[in-house]
Structure formats: C-alpha cells, structure tokens
Number of protein chains: 2
Amino acid sequence: MSYEQALTALADPTRRAVFERLRAGPQPVGELARHLPISRPAVSQHLKVLKDAGLVTDHAEGTRRIYHIDPHGLGALRRWLDQFWDTALDAFAAEAERTADNP
Amino acid sequence: MSYEQALTALADPTRRAVFERLRAGPQPVGELARHLPISRPAVSQHLKVLKDAGLVTDHAEGTRRIYHIDPHGLGALRRWLDQFWDTALDAFAAEAERTADNP
DNA sequence: ACTTACCGTAAGTCATGTCTTACGAACAAG
DNA sequence: CTTGTTCGTAAGACATGACTTACGGTAAGT
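No experiment lies behind these values; they were computed from the predicted model shown. (Residues numbered from 1 in each chain as written. Chains lettered and ligands numbered in written order. Predicted model: local features only at pLDDT ≥ 70, side-chain atom pairs only at ≥ 80, totals over all residues. Heavy atoms only, no water.)

Draft legend 1. Looking closely at the overall build of chain A. Summing up its helical and strand segments, chain A has 5 helices and 3 strands in all. Listed by position from the N terminus, the elements making up chain A come as α-α-β-α-α-β-β-α. For chain A, the residues scored as buried account for 43% of the 103 residues in total. Partitioning the intrachain contacts of chain A with sequence separation of at least 6 by distance along the chain shows that 51% fall at a separation of at least 24. Total accessible area on chain A stands at roughly 5,600 Å², and carbon and sulfur atoms take up 53% of it. (Helix = DSSP H or I, 4+ residues; strand = E, 2+ residues; numbered from the N terminus. Buried < 20%, exposed > 50% of the residue type's maximum accessible area, 1.4 Å probe, protein only. Contact = heavy atoms within 4.5 Å. Areas by Shrake-Rupley, 256 points an atom, 1.4 Å probe, with all protein chains shown as cover.)

Now the structure itself:
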C-alpha cells in the first residue's frame, strides 16, 4: 500500500516479470509459473510480496487462485513519483536560472 | 537510464534517503553523509548507483563534488509507470464489466 | 471415499548487495 | 612544497533475500 513497499517489490527482476505478465489479464499461479524459469512455489512467494505491496489481488476459483493487478499499489507509487517529479523540475529550473545569473 | 535500473536503485531505503535529501537542492557528499547514519564512503557508493541509473548527476566544485537530481531517470520511470497504469486500468475495467455480465 | 490437481508454507542452501576500514588521488591554502 | 580537505575505490565481513525440495491442505472428479 505504501510506495516504499511497491518499490522494493518491483526491484527484483523475476518478480517484475511475474507482475508484468499480469498485464495480459488475470491468471492462475500455475499458468504464471509455466512461462517462467522458476518453480511454482517461488512464484507463490513473489505473489505474496506483490500482494502485501498492494500491487496484486487474488480470488479463489475452484482449486486455483486467480491473480490480477491491483491499482492501489500502482497509484501510491504514481503519486509519490509525480510529487517528486514536480519538485525535481522546480529545483532543476531554479538551478538553471541561478547558473545563468552567475556565468 | 532504464526504468529497471531506476527501480532497483530506489529500492534500498538508505539509498532512497540519499536521493530524497537531494530534493532540497544540490549538495556535496560530505553534507549528505553528515545527516545520514552511514559512513561517507557508503554514501559515495549509493551515489554511484543512483548516477548509473540516471537519477542524479554531479559536477566538480573545488575539491568537492556537488550532486543534484537528474530528471532523466525519473522520466524513464514515470513513462513506464504511466504506460503500465493505463493498461492496468483498462484490464481492470474490462474485468469489472466481464464480471458484471456473469453475475 | 479415493484419487488427482492446484496451491501455500516451512526449512535450508546459496548468491547478492550493503556496510565498514584502509588507502590513494585531486585540489586549495599556507 | 607541505599540509589539510574532500572524495572515490578496493577488500573483506556480514546481513538480506531469492530459490529449491518437502510437506500439508483444499476442492473437483470418479
């Protein structure tokens, strides 16, 4: 739910691959693991981290659990990034102007 | 320069603290280290990672090096996130509609 | 009821990365 | 030219985390 968790969750390449695979739509765990070079339990562990970070959600469907992207975590990350982006640009513009004053 | 590097760079809490300290404006390494619970070489190593990710830039000023935020890395991260955000919302809306069709 | 499929968790191994201290280089001042 | 800052890099210790195999639990099918 916090942007810190989202950042640490999306840092790992394999976990990012799991996450990006969900862009194609909701998928069960086995389907995800079949197209990845890691074991199925590893996928489950990654999904747990992504879930705790608010990046994915799951619901049961028979014996399988369907995972899909949760906008909450993405939103938190986006808000932080936008806020950072604004202040960074302001500082950048101010610094450019200050440098122009003292050539 | 790539969003992958930006994500892995911003994942570490200490490195994120270094990065966020630069929001206040350009600062030399020693100034950053003075307000952080780690040694000065550690700060240098973090700055190297941030620099390779395109998140900061530096320029010499006498014997010290002034670091400031570089919009490039932030921009790459933002583009990826926005693109992801759009497709995620589309998939979310489509899934909601599909679920509404099959109650 | 029994079997099969699908999944999460626990325990253990192993690699990755973060921190420290020690050292050397570049620049300013005296 | 010597001294004092400021900083980056190298080497090593240490913690964190990612992966595997093994196990138990739940639901569907026969």
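Draft legend 2. Layout of the protein's contact with DNA strand C. The environment of DNA strand C is formed by 23 residues, the closest being Gly30(A), Ser44(A), Tyr67(A), Ser39(B) and His46(B). Within 4 Å of the protein, the atoms of DNA strand C are drawn from sugar and phosphate moieties in a proportion of 57%. Gly30(A) places a polar main-chain atom, nitrogen or oxygen, 2.8 Å from a phosphate oxygen of DNA strand C. One of the side-chain N or O atoms of Ser44(A) is found 2.3 Å from a phosphate oxygen in DNA strand C. Looking at the surface near DNA strand C, the element that brings in the most residues is helix H4 (residues 40-52) of chain A, giving 5 residues. Class assignment of the residues belonging to the surface near DNA strand C gives a composition of 7 nonpolar, 10 polar and 6 charged. (Near = heavy atom within 4 Å. Polar contact = N/O pair within 3.5 Å; in protein donor to acceptor, adjacent residues only side chain to side chain. Nonpolar A, V, L, I, M, F, W, Y, C, P; charged D, E, K, R; others polar.)

Draft legend 3. Layout of the relation of the copies chain B and chain A. The operation relating chain B to chain A is a screw motion whose rotation component is 180°, with 0.0 Å of axial translation and a residual RMSD of 0.0 Å. Read as a symmetry element, the transformation amounts to a two-fold axis. Mapped onto chain A, 100% of the interface residues of chain B again fall at the interface, so both copies present the same surface. (Least-squares fit on C-alpha atoms with pLDDT ≥ 70 in both.)

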